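# Descriptive analysis of the structure
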Amino acid sequence: MNMYKINIRIFVALVFLLTACDKEMLNKTPLNQYSDANVWSDVNLASSYLNSCYNGAQIGQFKAVMIGAVSDEMLSGRGSSSSPYNVGNMTADNTAGQYGSNWYSNSNWNQFNNVQKINIFLDKIDKLPDAYKASEKADIKKQADILKGEALFLRAFLYTEMCRTYGGLPILKKPNSLGDDFSTITRGTFKETVDFIAADCDAAAKLLPLKANTRLGKATKEAALAIKSRMLLFAASDLTADGTAKSELVGYLSPNRASLWTAARDAAKAVMDLGTSQLADFGAPDQKAVAQ
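Conventions used here
- Residues numbered from 1 in each chain as written.
- Predicted model: local features only at pLDDT ≥ 70, side-chain atom pairs only at ≥ 80, totals over all residues.
- Heavy atoms only, no water.
- Helix = DSSP H or I, 4+ residues; strand = E, 2+ residues; numbered from the N terminus.
- Expected span 1.5 Å × (residues − 1).
- Contact = heavy atoms within 4.5 Å.
- pLDDT = per-residue confidence, 0-100.
- Salt bridge = Lys/Arg side-chain N within 4 Å of Asp/Glu carboxyl O.
- Buried < 20%, exposed > 50% of the residue type's maximum accessible area, 1.4 Å probe, protein only.
- Core = buried A, V, L, I, M, F, W, Y, C linked by side-chain atoms within 4.5 Å.
- Polar contact = N/O pair within 3.5 Å; in protein donor to acceptor, adjacent residues only side chain to side chain.
- Phe/Tyr/Trp six-rings, centres within 6.5 Å; stacked < 30°, edge-to-face > 60°.
- Lys, Arg positive; Asp, Glu negative; His and termini not counted.

Our focus in this paragraph is helix α5 (residues 112-125). Relative to the 20 Å expected for 14 residues at 1.5 Å per residue, α5 spans 20 Å between its end C-alpha atoms, a close match to the ideal helical length. Contacts made by the buried residues of α5 are with α3 (43-57) and α6 (134-166).

Set out below in structure tokens:
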């Protein structure tokens, strides 16, 4: 028997072995990481997933550089001859300078990476209680609803930070997948973006507990309503609503100032009416004067 015939037999034998194998042989649970099935059937793992979204949001300025640092207004500056802000070279593909792409993380366009993660969470969290026994579902749903409120708050926060820098943004309510036609994604108007943020804040506030009943560092009802107040106040200001906007992507073309200011006032009052937050006097002798 020549070598050719032997090789053919070996090939046929291998094909037989491969086709005869158990189809589930390679469908194994990973040993070094949590699978999607595990994460979205365990409220504690889902909570840990959301913690990574908190971390990615860079909330506060402990992990991000304030945008004022590129100017002379701050004690600690980051401006330099290589900063695209300072030399007027800011473009869609040139935002980094010598400090890297995340030097002002809160408003950086790449926060859409985190928006994608949050949208995945929101797409999965409602189904999580179904993975538990009937006797546990009610309690797990309460936990899942709070986590959903946190995710909605985080998305609203990210959109607020980016909107105040870029104006109208792509309104992404669902997670993207590899098969999507990304050429159809366009920027929403400034108004559409503000409305989206306000709606997320309202939805979050309905699900979130007050800060007195929340672990420090987590989103609260007060925080959700405060973000809405901040965004609507910005939207009503002369920056975007004085009627001089050249594009609906950066402001209102025909603003109704009375309506915008009323919405901003009502949003601020909603926070105040909770009765759980107060203005700091910062050492001023007359709190009424400071409030005014």
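Now that the structure has been shown, we can carry on.
With that settled, consider the confidence of the model for the protein chain. Chain-level statistics for the protein chain give a pLDDT mean of 83 and a share of 74% at 70 or above. Ranking the elements of the protein chain by mean pLDDT puts helix α1 (residues 3-20) last, at 64, and helix α7 (residues 190-207) first, at 98.

This model, assessed by the stated rule, comprises eleven salt bridges. For Lys 148, the salt bridge is made with Asp 126, and the minimal N-O distance between the two is 3.1 Å. Taken together, the residues Lys 148 in helix α6 and Asp 126 in the loop between α5 and α6 connect sequence positions 22 residues apart. Relative accessible area serves as the criterion here: at 23%, Lys 148 is assigned to the partly exposed category. On the basis of relative accessible area, Asp 126 is assigned to the partly exposed category, the value being 47%.

Bringing the nonpolar core into the picture now. By size, the foremost hydrophobic cluster in this structure holds 55 residues, and its most contacted members are Leu 50, Phe 121, Phe 153, Leu 154, Tyr 159 and Phe 190. Looking at this core, the elements with two or more residues in it are α3, α5, α6, α7, α8 (221-236) and α10 (257-273). The dominant element in this core, judged by the number of residues it contributes, is α6, at 13 residues.

Looking at where Gln 111 falls in the secondary structure, it is placed in the loop between α4 (84-87) and α5. Engagement of the side chain of Gln 111 in a polar contact is seen with the backbone oxygen of Gly 56, the distance being 3.0 Å.

Moving on, we come to the environment of Glu 222. With respect to the secondary-structure elements, Glu 222 resides in helix α8. We classify Glu 222 as buried; its relative accessible area is 5%. Filtering out sequence-adjacent residues up to four positions away, Glu 222 remains in contact with Pro 209, Leu 210, Lys 211, Val 271, Leu 274, Thr 276 and Ser 277.

Take the packing of aromatic side chains next. Across all of its chains, the model carries eight aromatic pairs by this definition. For the ring pair Phe 112 and Tyr 159, a centre distance of 5.8 Å and an interplane angle of 90° mean the geometry is edge-to-face. Here Phe 112, found in helix α5, pairs with Tyr 159, found in helix α6; they are 47 residues apart in sequence, far enough to count as distant. The class for Phe 112 is buried, based on a relative accessible area of 14%. Ring geometry for Tyr 159 and Phe 196: centres 4.9 Å apart, planes at 75°, overall edge-to-face. With Tyr 159 in helix α6 and Phe 196 in helix α7, this residue pair connects regions lying 37 residues apart in the sequence. On the basis of relative accessible area, Tyr 159 is assigned to the buried category, the value being 0%.

This brings us to α8. Taking 1.5 Å of rise per residue, the 16 residues of α8 would be expected to cover 22 Å, and the 23 Å separating its terminal C-alpha atoms lies within 8% of that figure. The buried fraction of α8 is high, at twelve of 16 residues. Residues Lys 221, Glu 222, Ala 224, Leu 225, Ile 227, Lys 228, Ser 229, Met 231, Leu 232, Phe 234, Ala 235 and Ala 236 constitute the buried set of α8. Those residues of α8 that are buried lie in contact with α6, α7, α9 (238-241) and α10.

Take the side chain of Lys 221 next. The residue Lys 221 is located in helix α8 in this model. Glu 222 is the oppositely charged side chain nearest to the buried, salt-bridge-free Lys 221, at an N-O distance of 7.8 Å. In terms of polar contacts, Lys 221 uses its side chain to reach the backbone carbonyl oxygen of Ala 205, at 2.4 Å. Every residue in contact with Lys 221, bar those within four places of it in the chain, is listed here: Ala 205, Lys 206, Leu 208, Pro 209, Leu 210 and Leu 274.

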